[in-house]
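Take a look at the letters that make up each chain.
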Amino acid sequence: QKYFTQNLKLKQELKDTAGISESYINLGHTSLDMSDFKDAIRYFEMAIPFVKKLEKKNLTADRPSATLSDDLLSSIYIGLAEANAKTKHLETAIQYGDSGLVTAKKMNNKVRINEAYKVLSEIEKVRQRFEEALNYSELFYAYQDSIFSEQKVNQIAELEPKYETEKKEQTISL
């Protein structure tokens, strides 16, 4: 946390809006990991105005609706959902979880969608709404499998040219 705080001070001196927001988000996630939920909420909330100042620039060409500000907002909302759930502010947690899910779906960011489903499942479990918890849990595992499958397909696609090149080199050397 010390390094994130130092990084935040540097980004503030540079007036780096994106860097400031990312520093607050990192501090929020670190606070979550350390079970300091009130600080996590505070840091995530401090990041929001900086994220909203960011220009709506596209993150990637293959996902034109994905912007840096949307990506950061989905991370904040999902973090706020988790932190609010841990402090038993379950209605607020659900609202943030839903906002994180909507923002992640807007970007078609499967990793963030997956994170949102996991948090929403855990919140609904605490609320003893087991049918909703099960539904979110099933969606979480479906996205988990999809993400894993995509990673494996990408790994295979990367290895195929290497294999073909090595095969040709061995043929040439014979």
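Refer to the structure above for everything that follows.
Residues numbered from 1 in each chain as written. Predicted model: local features only at pLDDT ≥ 70, side-chain atom pairs only at ≥ 80, totals over all residues. Heavy atoms only, no water.

A. Representation of the overall build of the chain in the model. Along the chain, the regular secondary structure elements total seven helices and zero strands. Helices and strands appear in the chain in the N-to-C order α-α-α-α-α-α-α. The globule rule puts the C-alpha radius of gyration for 174 residues at 16 Å, and the 20 Å found for the chain is more than 25% above it. Principal-axis analysis of the C-alpha atoms places the extent of the chain at approximately 70 × 50 × 30 Å. Relative to all contacts within the chain whose residues are 6 or more apart in sequence, the contacts with residues 24 or more apart total 53%. Counting every atom, the chain has about 10800 Å² of accessible surface; 53% of that belongs to carbon and sulfur. Averaging the positions of the 25 positive and the 27 negative side-chain charges in the chain gives two centres separated by 5 Å. (Helix = DSSP H or I, 4+ residues; strand = E, 2+ residues; numbered from the N terminus. Rg over C-alpha atoms; globule rule 2.2 N^0.38 Å. Contact = heavy atoms within 4.5 Å. Areas by Shrake-Rupley, 256 points an atom, 1.4 Å probe, with all protein chains shown as cover. Lys, Arg positive; Asp, Glu negative; His and termini not counted. Charge placed at Lys NZ, Arg CZ, Asp CG, Glu CD.)

B. Spatial organisation of the nonpolar core. In this structure, Tyr24, Ile25, Leu32, Phe44, Val51, Ile76 and Leu80 are the most contacted members of the largest nonpolar core, which totals 22 residues. Where this core is concerned, the elements lending two or more residues are α2 (17–33), α3 (37–53) and α4 (68–86). Take this core: its biggest share by element is eight residues, from α3. Apart from the residues lying within four places of it in its own chain, the contact partners of Tyr24 are Leu8, Gln12, Tyr43, Met46, Ala47 and Phe50. In this structure, Ile113, Tyr117, Tyr136 and Phe140 belong to the second largest nonpolar core, which totals 16 residues. (Core = buried A, V, L, I, M, F, W, Y, C linked by side-chain atoms within 4.5 Å. Buried < 20%, exposed > 50% of the residue type's maximum accessible area, 1.4 Å probe, protein only.)

C. Quick look at the pattern of salt bridges. Throughout the structure, instances matching the rule amount to nine salt bridges. Across the pair Asp39 and Arg42 runs a salt bridge, and its minimum N-O distance is 3.1 Å. Of this pair, Asp39 and Arg42 both sit in helix α3, three residues apart, which is roughly one turn of the helix. Classification of Arg42 by relative accessible area gives partly exposed; the value is 37%. Close ionic contact of Glu115 with Arg112 constitutes a salt bridge, the shortest N to O distance being 3.4 Å. With Glu115 and Arg112 both in helix α6 (residues 110–126) and three residues apart, this pair spans about one turn of that helix. A network of salt bridges, in which partner residues are shared, links Glu91, Glu124, Arg127, Arg129 and Glu132. (Salt bridge = Lys/Arg side-chain N within 4 Å of Asp/Glu carboxyl O.)

D. Representation of the side chain of Ser121. Following the sequence through the fold, Ser121 ends up in helix α6. Judged by its relative accessible area of 8%, Ser121 is buried.

E. Main features of the packing of aromatic side chains. Counted under the stated rule, the structure contains six aromatic pairs. Taken together, a centroid distance of 4.8 Å and an interplanar angle of 70° make the contact between Phe140 and Tyr141 edge-to-face. Overall, the relative accessible area of 12% leaves Phe140 in the buried class. When its relative accessible area of 49% is taken as the criterion, Tyr141 is described as partly exposed. By way of ring pairs, the aromatic residues Tyr24, Tyr43 and Phe50 are connected into one cluster. The side chain of Arg42 reaches across the aromatic face of Tyr43, ending 4.5 Å from its centre. (Phe/Tyr/Trp six-rings, centres within 6.5 Å; stacked < 30°, edge-to-face > 60°. Lys NZ or Arg CZ within 6 Å of the ring centre and 35° of its normal.)

That is the geometry; function is a separate question.
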